[in-house]
Amino acid sequence: MSSTLRAPVVVEFPFTRSLGPVQRAFLTGLRERTVLGVRTGSGRVLVPPVEYDPDTAEEIGALVRVGTAGTVTTWAWNPDPRPGQPLDTPFAWVLVRLDGADTALLHVLDAPGPEAVRTGLRVRVRWAAERTGAITDIACFEPEPEPEAEAEAETEMETEAEAAPEPVPGTEDGAAAVPVPHDGTFPDPVTGIVTPARLDYTYTPGRAQSAHLHALAERRITGERCPSCRKVYVPPRGACPTCGVATTEEVATGPRGTVTTYCVVNIKARNLDIDVPYVYAHIALDGADLPLHGRIAGIPCDQVRVGLRVEPVWKPGDLHPDHYRPTGEPDADTGEEML
Ligand SMILES: [Zn+2]
């Protein structure tokens, strides 16, 4: 039995989006320590706000200001924060229904431990020291002080109140009822955001793919045959996607094959040491019933064609073919089922 293969995989890109009037007001509001929601035609207040009523699909834009304190409606404890999460100490993921809102906002709660968190807990916003117009302008939520503790904390509260631009409705220093209408206008509004998206995981191939990868390292290209429809899949996935049955019969394929379709790549990928332009192709290996894909080299891009016969090229030490090159054989008929 071969050892289990594992590989770290990171998919990462900055996601840039422009903001419409509702999200622009919401995020600019956070920068100004103001939480805005929208009121739907039926009178519900949605926080975070959306542009369209989720019940009626009606466009909505009636902004309202809600409180910066609220109630935990559900929660989950995160004992082991991962890099990039809002807090680097253990915290609770919480849904918080802010005062004046009918829906709950997903955020995190800074609490000493899970025993300090419960549904119904009163919490309030802890603003980030530096705010840019992003959901992270709310650094986190924190439990509201108990009434008896409030007197002791008064000095501290006064200091905080002095730092605040104005009393905030729905909190201990704001008697006004929430929600209150808001025109969403702020100086220097935020018009777009860049959200880093990152997926970081360990990939472990299953039985069929592991066997295929071990064979590749020995410069053999193996597939598996479906016991029902007899098709040979390379690389094998362990089951026939058409018949839904497990594939177990290992079949040697290639190494030569035929180009069934291709594209010319003109954009250089980061972290990929291949000069552009180059050709990426679907290649039907001899003996396989479905094409795999690989890079074609050793021939000018404009001479690559459907039907071109190719063979894999392994570089010293490579665990898989680096690319495919022309064999010099006459072109082959690919057959329609390969397209
Ligand atoms: Zn099948």
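Please refer to the structure placed before this passage.
Anyway, here's the lowdown on the structure attached to this text. On a predicted model such as this, the values are computed, not experimentally measured, just so you know. (Residues numbered from 1 in each chain as written. Predicted model: local features only at pLDDT ≥ 70, side-chain atom pairs only at ≥ 80, totals over all residues. Heavy atoms only, no water.)

**Quick look at the overall build of the chain**
- Looking only at helices and strands, the chain has four helices and 19 strands in total.
- Counting only residues that meet the buried cut, the chain has 39% of its 339 residues in that class.
- Counted over contacts in the chain with a minimum sequence separation of 6, partners at least 24 positions apart contribute 58%.
- Total accessible area on the chain is roughly 19300 Å²; 53% of this is exposed by carbon and sulfur atoms. (Helix = DSSP H or I, 4+ residues; strand = E, 2+ residues; numbered from the N terminus. Buried < 20%, exposed > 50% of the residue type's maximum accessible area, 1.4 Å probe, protein only. Contact = heavy atoms within 4.5 Å. Areas by Shrake-Rupley, 256 points an atom, 1.4 Å probe, with all protein chains shown as cover.)

**Things to note about the packing of aromatic side chains**
- Taken as a whole, this structure holds one aromatic pair when the rule is applied.
- Both rings, one in Phe 91 and one in Trp 93, keep their centres 5.0 Å apart while their planes meet at 80°; by these two values the pair is edge-to-face.
- The class of Trp 93 is partly exposed, set by a relative accessible area of 30%. (Phe/Tyr/Trp six-rings, centres within 6.5 Å; stacked < 30°, edge-to-face > 60°.)

**Brief notes about the coordination of the zinc ion**
- Ligation of the zinc ion by protein atoms is provided by Cys 226 (SG), Cys 229 (SG), Cys 240 (SG) and Cys 243 (SG), these donors lying 2.3 Å from the ion.
- Given four donor atoms and angles of 105 to 113° at the metal, the environment of the zinc ion is assigned as tetrahedral.
- When its relative accessible area of 30% is taken as the criterion, Cys 243 is described as partly exposed. (Donors = N, O, S within 2.8 Å, 3.2 Å for Na, K, Ca; no water. Tetrahedral: all angles 85-135°; square planar, octahedral: opposite > 155°, others 65-115°.)

**Considering the layout of surface pockets**
- Computed from the structure, the largest pocket encloses a volume of approximately 1200 Å³.
- Surrounding the largest pocket, 36 residues form its lining, His 212, Leu 213, Leu 216, His 293 and His 320 being those nearest its centre.
- Per element, the largest residue contribution to the lining of the largest pocket is six residues, and it comes from helix H4 (residues 207-217).
- By residue class, the composition of the lining of the largest pocket is 25 nonpolar, seven polar and four charged.
- Taken domain by domain, the lining of the largest pocket gets at least three of its residues from each of domain 2 (205-253) and domain 3 (254-339). (1 Å grid on protein atoms, 1.4 Å probe; cavity = no way out; pocket = protein on both sides within 12 Å on 5 of 7 lines; lining within 4 Å. Points joined across faces, edges and corners; volume = space filled by probe spheres on them. Nonpolar A, V, L, I, M, F, W, Y, C, P; charged D, E, K, R; others polar. Domains from an automatic or database assignment.)

**With respect to helix H1 (residues 21-31)**
- Here H1 lies mainly inside the structure; nine of its 11 residues are buried.
- Of the surrounding secondary structure, the elements contacted by the buried residues of H1 are strand E1 (7-18), strand E2 (35-39), strand E4 (63-66), strand E8 (122-127), strand E9 (138-143) and strand E11 (192-203).
- Residue Arg 33 follows H1 closely and has a positive phi angle near 60°.

**Details of the sheet that holds strand E3 (residues 45-46)**
- Taken in spatial order, the four strands of this open sheet run E3-E2-E4-E10, and their pairing is antiparallel. The outermost strands of the open sheet, each flanked by one partner alone, are E3 and strand E10 (180-181).
- Across two bridges, E2 lies against E3 in antiparallel orientation. Residue pairing in the sheet places Val 38 in a bridge with Leu 46 of E3.
- Here H1 sits on the sheet and contacts E2 and E4; the angle it forms with E2, its principal contact strand, is near 155°. (Pairing = 2+ DSSP bridges. Axes fitted to C-alpha atoms, helices over the stretch in contact; angles between N-to-C directions.)

**Observations regarding the nonpolar core**
- Counting 26 residues, the largest nonpolar core has Val 35, Val 66, Leu 98, Leu 109 and Phe 141 as its most contacted members.
- Breaking this core down by element, the ones donating at least two residues are H1, E4, strand E6 (91-98), strand E7 (105-109), E8 and E9.
- With four residues, E6 is the largest single contributor of residues to this core.
- Core analysis: the second largest hydrophobic core is formed by 19 residues, Leu 285, Leu 308, Trp 314 and Tyr 324 among them. (Core = buried A, V, L, I, M, F, W, Y, C linked by side-chain atoms within 4.5 Å.)

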